[in-house]
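# Structural overview for review
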Amino acid sequence: MTEIILFGIDFSTSSVIKITMIQSPRGMKDVLPPESGKWERLERTASGIFSSFGYKLLVTPVVEKTELFVRSVGEATDVVSKEMYVFTDRGGESICLRPEGTAPVMRAYLNSPELKSRTMKAWYWGPMFRYERPQKGRYRQFYQFGVEAIGSNSPYIDAEIIYMLDHFYKNLGILDVRVELNSIGCELCRPPYKVQLVDYLKSKSSELCEDCKKRIETNPLRVLDCKSETCSSVIKNVPLMGDFLCSDCKSHNNAVLKVLDDCGVKYSENPMLVRGLDYYSKTVFEFVSEQLGGRQNALGGGGRYDSLSEQIGAEKIPSVGYAGGVERTLLFMNDEDKKACDVYIAMLDDDTLRACAPIVFEAKKLSLGEDINFIDDDFKVRDIKKHLSKADKLGARFAIIAGSQELDSGSLIIKDLMLKKEEKITMHKNDAKRSAEAVVRRLLEKKNS
Ligand code: HAM
């Protein structure tokens, strides 16, 4: 990481002192334009699609009691044992920055008698914190969007969530993702499987990496997920959960796959897929892309967590959900369609600027919700060459141009910078609203044509 060092003079001693520029904390980044535009589009698409499937926004605090995650995500998981930001507050209580959103959503559901009276479908969006080694696609503060359906054991909900996410990624123009699925059984069929798995792993322990040797005792299923070369030959011949599923888990899994087949969702069954958090049972799934590569190939993951509510002190409430990483999703989104409606304002002299400013203000007001963005108008007067080169650098699709000629003839120019075509729009004297309406109408027609 580069450190910027400035020099200053300490006047009390007249000596030169070093002043270090303050950087953001390691693994935590600013979201700046133009990337923030893609960020906004992602949030809008999530909100639009999830609400149309009946998922309502739910917001929980960024901090929670540490115990919530210790009991649900699991003490032996990397997230809880190594990655949580835990501290004691002024009242002496152990609290932490939330590492994920599922346990908080369940806690909120259990705390609300009104929500608890029915199946709840919720979506969320917000920052999560994990003290990991930062790299591309992996941060210490990262954002997740997520959906949770709490209160139903229907396999149709598992399938609906997968179907909805498949549609979500396609809608964002991300076609290179596929969903991988597995069933990791339930509290009835997993324990006998674990016994077999542990026996097998113990017999091969000398061939395992140091982490996996420890996992045999703490979290044997995670060995299946190990990406180290050392473990690959052991993992190849490992006993599989699929051969141990009880009849309930088997029929649930078959029902999910049948609905996905009927809906034409392409998926691959991955018998090695396990998840890094302890609360799952039955269906687990991940949306992955080879483009991401390495250990960070998951855009998101989820599954059933029928026992999580019991782990945090309530009755059993069958549930299923998913969370996607915002930063990882952004890596796949192009910004072409965002640029398609970016508009640059080019005023050529002071008199024109004075006359047109009310029209520009009105046009901005009118384009609210219309997917038109006015970009970087600093209201500086420049010559046309400088304006157009700036608009080009910013990737604007349209420029609204006016100078003394346009002012005299009572018009404005809309220039399509992609098609290199321009046209005149009539300005209505002393009626900024009417002029702005004409500009916005024409921009929308051009954008959609
Ligand atoms: P997770 O697999 O731990 O699941 O995280 C979901 C997604 O969050 C990951 O696939 C990845 O895209 C993103 N993510 C995780 N850690 C980082 C990081 N350090 N930097 C950037 N992105 C990251 C959960 O969190 C579960 N709560 C998902 C769920 C919802 N299960 C049921 N409902």
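Look a little higher up for the structure.
Attention here is on the structure that accompanies the text. The structure displayed is predicted, hence computed values, not measured ones.

### Side note on the site of the ligand
What surrounds the ligand is a group of 27 residues, the closest being Glu100, Thr102, Glu132, Arg275 and Tyr280. Here a nitrogen atom of the ligand and a side-chain polar atom of Tyr279 are 3.0 Å apart. Backbone polar atom of Tyr322 to a nitrogen atom of the ligand: 3.1 Å apart, as the coordinates give it. Considering the ligand on its own, with 650 Å² of exposed area, one finds that the protein chains cover 95% of that surface. Counting residues per element, the ones that place at least two in the shell around the ligand are strand S8 (141–150), strand S12 (298–304) and strand S13 (319–325). Ranked by residues supplied to the shell around the ligand, first place goes to S12 with six residues. Class assignment of the residues belonging to the shell around the ligand gives a composition of 11 nonpolar, nine polar and seven charged.

### Digging into the sheet that holds strand S5 (residues 85–88)
Spatially, three strands are ordered S4-S6-S5 in an open sheet, and the strand pairing comes out antiparallel. What marks the edges here is a single partner per strand, and that holds for strand S4 (63–65) and S5. On average, each strand axis in the sheet is tilted by 35° relative to the strand beside it, whichever way the strands run. Across four bridges, S5 lies against strand S6 (residues 94–97) in antiparallel orientation. Among the inter-strand pairings, Phe87 is bridged to a residue of S6, identified as Ile95.

### Regarding the side chain of Ser411
Positionally, Ser411 belongs in strand S17 (residues 411–416). By relative accessible area, which is 5% here, Ser411 ends up buried. Looking at Ser411, its side chain comes within polar contact range of the side chain of Ser409, at 3.0 Å. Leaving out residues up to four positions away in the same chain, Ser411 has contacts with Glu406, Lys424, Ile425, Thr426 and Met427.

### Focus: the pairing of strand S7 (residues 120–129)
For S7, the tally of buried residues reaches nine of 10 residues, placing the bulk of the element in the interior. Sheet topology places strand S3 (residues 56–57) next to S7; two bridges connect them, and they run parallel. Residue pairing across strands places Leu57 opposite Trp123, the latter belonging to S7. Sheet topology places S7 next to S8; 10 bridges connect them, and they run antiparallel. Residue pairing for S8: Met128 is matched across the bridge by Phe142.

### Comments concerning the pattern of salt bridges
Within this structure, the stated rule accounts for 31 salt bridges. Between Arg118 and Glu114 there is a salt bridge; the shortest N-O distance is 3.9 Å. A salt bridge links Lys282 to Asp248; the shortest N-O distance between them is 3.0 Å. Linking Lys282 in strand S11 (residues 281–288) with Asp248 in helix H10 (residues 247–263), this pair joins segments that are 34 residues apart in sequence. We classify Lys282 as buried; its relative accessible area is 9%.

### Regarding the packing of helix H1 (residues 35–52) against helix H6 (residues 155–171)
Packed helices, taken two at a time, are described by their axes: the angle between them and the distance between them. At a minimum axis separation of 10 Å, H1 and H6 run at an interaxial angle of 145°. The handedness of the crossing between H1 and H6 is right-handed. Residues Leu42, Thr45, Ala46, Ile49 and Phe50 of H1 pack against Met164, Leu165, His167, Phe168 and Asn171 of H6. For the contact of H1 with H6, the per-class residue count stands at seven nonpolar, three polar and no charged.

### Observations regarding the packing of helix H14 (residues 350–366) against helix H17 (residues 432–448)
At a closest axis distance of 8 Å, the pairing of H14 and H17 adopts a crossing angle of 55°. On the basis of the axis angle, H14 is oblique to H17. The handedness of the crossing between H14 and H17 comes out as right-handed. Note on element contacts: H17 touches H14 through Ala432, Lys433, Ser435, Ala436, Glu437 and Val440, opposite Pro358, Ile359, Glu362, Ala363 and Leu366. Of the residues contributing to the contact of H14 with H17, the split by class is seven nonpolar, one polar and three charged.

### Looking at the packing of aromatic side chains
Scanning all chains against the criterion turns up 18 aromatic pairs. Judged by centre distance (5.6 Å) and plane angle (10°), the rings of Phe285 and Tyr322 are stacked. Highlighted residues: Phe285 in strand S11 and Tyr322 in strand S13, separated in sequence by 37 residues. Overall, the relative accessible area of 1% leaves Tyr322 in the buried class. Through successive ring pairs, a cluster of aromatic residues spans Phe50, Trp123, Phe145, Phe168, Tyr169, Phe285, Phe287 and Tyr322. The ring of Tyr131 has Arg140 sitting right over it, with the charged end atom 3.8 Å from the ring centre.

### Quick look at the nonpolar core
Residues Phe69, Met106, Ile150, Leu201 and Leu208 are the most contacted members of the largest nonpolar core, which totals 56 residues. Of all elements in the fold, only helix H2 (66–72), helix H3 (78–82), helix H4 (102–111), S7, S8, helix H7 (190–203), helix H8 (210–218) and helix H9 (229–236) reach the threshold of two or more residues within this core. The greatest single-element share of this core, amounting to six residues, is contributed by H4. Counting only domains with at least three residues in this core, you end up with domain 1 (35–189 + 245–332) and domain 2 (191–219 + 227–238). Discounting chain neighbours no more than four positions away, the residues touching Leu208 are Leu201, Lys213, Ile216, Val223, Thr230, Cys231 and Val234. By size, the runner-up hydrophobic cluster in this structure holds 38 residues, among which are Trp125, Val147, Phe168 and Phe287.

The rules behind the values
- Residues numbered from 1 in each chain as written.
- Predicted model: local features only at pLDDT ≥ 70, side-chain atom pairs only at ≥ 80, totals over all residues.
- Heavy atoms only, no water.
- Near = heavy atom within 4 Å.
- Polar contact = N/O pair within 3.5 Å; in protein donor to acceptor, adjacent residues only side chain to side chain.
- Areas by Shrake-Rupley, 256 points an atom, 1.4 Å probe, with all protein chains shown as cover.
- Helix = DSSP H or I, 4+ residues; strand = E, 2+ residues; numbered from the N terminus.
- Nonpolar A, V, L, I, M, F, W, Y, C, P; charged D, E, K, R; others polar.
- Pairing = 2+ DSSP bridges.
- Axes fitted to C-alpha atoms, helices over the stretch in contact; angles between N-to-C directions.
- Buried < 20%, exposed > 50% of the residue type's maximum accessible area, 1.4 Å probe, protein only.
- Contact = heavy atoms within 4.5 Å.
- Salt bridge = Lys/Arg side-chain N within 4 Å of Asp/Glu carboxyl O.
- Left-handed = near helix turned anticlockwise from the far one by under 90°.
- Parallel < 35°, antiparallel > 145°, perpendicular 65-115°, else oblique.
- Phe/Tyr/Trp six-rings, centres within 6.5 Å; stacked < 30°, edge-to-face > 60°.
- Lys NZ or Arg CZ within 6 Å of the ring centre and 35° of its normal.
- Core = buried A, V, L, I, M, F, W, Y, C linked by side-chain atoms within 4.5 Å.
- Domains from an automatic or database assignment.

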